[in-house]
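Inside the fold
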Amino acid sequence: MVKNTGQPAYLQIADDLRAQIRGGSLAPGTPLPSTTKLAEQYDASLSVVKLAVGVLRNEGLVIGQQGKGVFVRDADELPPAPKTGDELAELRATVQDLSVRLAKVEEQLATSTTRRSGRSSR
């Protein structure tokens, strides 16, 4: 399942498990397969699978219960899904606009600083 895409294997596994959780094929309250089964399923090492599950824990999608396993959080506890494509495009455009504006301010600041230091040396 893990592909040679340049993206680390643990992120590919986390992406796939996240999609299963968001899509409902891993329903709230259900346990994730064991790390051994996930390692076999994704043809990856146990440490890579553990990293992937750690990503999902950090995102709040799953919760570990000592001695019982790792479970998908209940639907009311799941964090909201990330922004959609349209929202991301809008955010990217805003960031791009802010980057251009910041570059102009930095340029003006550099120019005014150069002018001031030129005047004081005379």
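In what follows, the structure referred to is the one given above.
Attention here is on the structure that accompanies the text. Remember, it's a predicted structure, so these values are computed and weren't measured experimentally. (Residues numbered from 1 in each chain as written. Predicted model: local features only at pLDDT ≥ 70, side-chain atom pairs only at ≥ 80, totals over all residues. Heavy atoms only, no water.)

1. Topic: the overall build of the chain
- Secondary structure summary: the chain contains 4 helices and 2 strands in total.
- Secondary structure elements of the chain, listed N to C terminal, follow the sequence α-α-α-β-β-α.
- Of the contacts made within the chain by residues no fewer than 6 positions apart, 51% connect residues no fewer than 24 positions apart.
- Total accessible area on the chain is roughly 8,800 Å²; 53% of this is exposed by carbon and sulfur atoms. (Helix = DSSP H or I, 4+ residues; strand = E, 2+ residues; numbered from the N terminus. Contact = heavy atoms within 4.5 Å. Areas by Shrake-Rupley, 256 points an atom, 1.4 Å probe, with all protein chains shown as cover.)

2. Description of helix α1 (residues 9-23)
- Here α1 contains 15 residues, and its C-alpha end-to-end distance of 21 Å stays within 8% of the 21 Å for a straight helix at 1.5 Å per residue.
- Three or more residues of α1 are buried, namely Gln12, Ile13, Ala14, Leu17, Arg18 and Ile21.
- Where the residues of α1 are buried, they touch α2 (35-42), α3 (46-59), β1 (62-65) and β2 (69-72).
- A positive phi of about 95 degrees marks glycine 24, the residue just after α1. (Expected span 1.5 Å × (residues − 1). Buried < 20%, exposed > 50% of the residue type's maximum accessible area, 1.4 Å probe, protein only.)

3. Digging into the packing of α1 against α3
- It is at 8 Å that the axes of α1 and α3 come closest, and there the two elements cross at 50 degrees. Here α3 runs oblique to α1, going by the angle between their axes. Seen along the crossing, α1 lies across α3 with a hand that is right-handed. Where α1 abuts α3, its residues Ala9, Tyr10, Leu11, Ile13, Ala14, Leu17, Arg18 and Ile21 lie against Val48, Val49, Leu51, Ala52, Val55, Leu56 and Glu59.
- Looking at the contact of α1 with α3 residue by residue, the classes come out as 13 nonpolar, no polar and 2 charged. (Axes fitted to C-alpha atoms, helices over the stretch in contact; angles between N-to-C directions. Parallel < 35°, antiparallel > 145°, perpendicular 65-115°, else oblique. Left-handed = near helix turned anticlockwise from the far one by under 90°. Nonpolar A, V, L, I, M, F, W, Y, C, P; charged D, E, K, R; others polar.)

4. Focus: α2
- All of the buried residues along α2 are Leu38, Ala39 and Tyr42. One side of α2 holds all its buried residues, which, seen down the axis, span an arc of 100 degrees. Seen from the buried face of α2, the exposed residues on the opposite side, beyond 90 degrees, are Lys37 and Glu40.
- Where the residues of α2 are buried, they touch α1 and α3. (Arc of directions from axis to C-beta.)

5. Some points on the pattern of salt bridges
- Enumeration according to the criterion identifies 2 salt bridges in this entry.
- Put simply, arginine 18 and aspartate 15 hold a salt bridge, and the shortest N to O gap is 2.6 Å. Linking arginine 18 with aspartate 15, this pair stays in helix α1, spanning 3 residues, or about one helical turn.
- Between arginine 18 and glutamate 59 there is a salt bridge, and its shortest N-O distance comes to 2.8 Å. Of this pair, arginine 18 sits in helix α1 while glutamate 59 sits in helix α3; the two residues are 41 residues apart in sequence, bridging distant segments of the chain.
- Put simply, Asp15, Arg18 and Glu59 are held in one network by salt bridges that share partners. (Salt bridge = Lys/Arg side-chain N within 4 Å of Asp/Glu carboxyl O.)

6. Thoughts on the environment of valine 70
- Residue position: valine 70 is located in strand β2.
- In the structure, valine 70 is positioned 41 residues away from glycine 29 in sequence and 9.4 Å away in space, judged by C-alpha atoms.
- Excluding its chain neighbours within four sequence positions, the residues that come into contact with valine 70 are Thr30, Pro31, Leu32, Val53, Arg57, Val62, Ile63 and Gly64.

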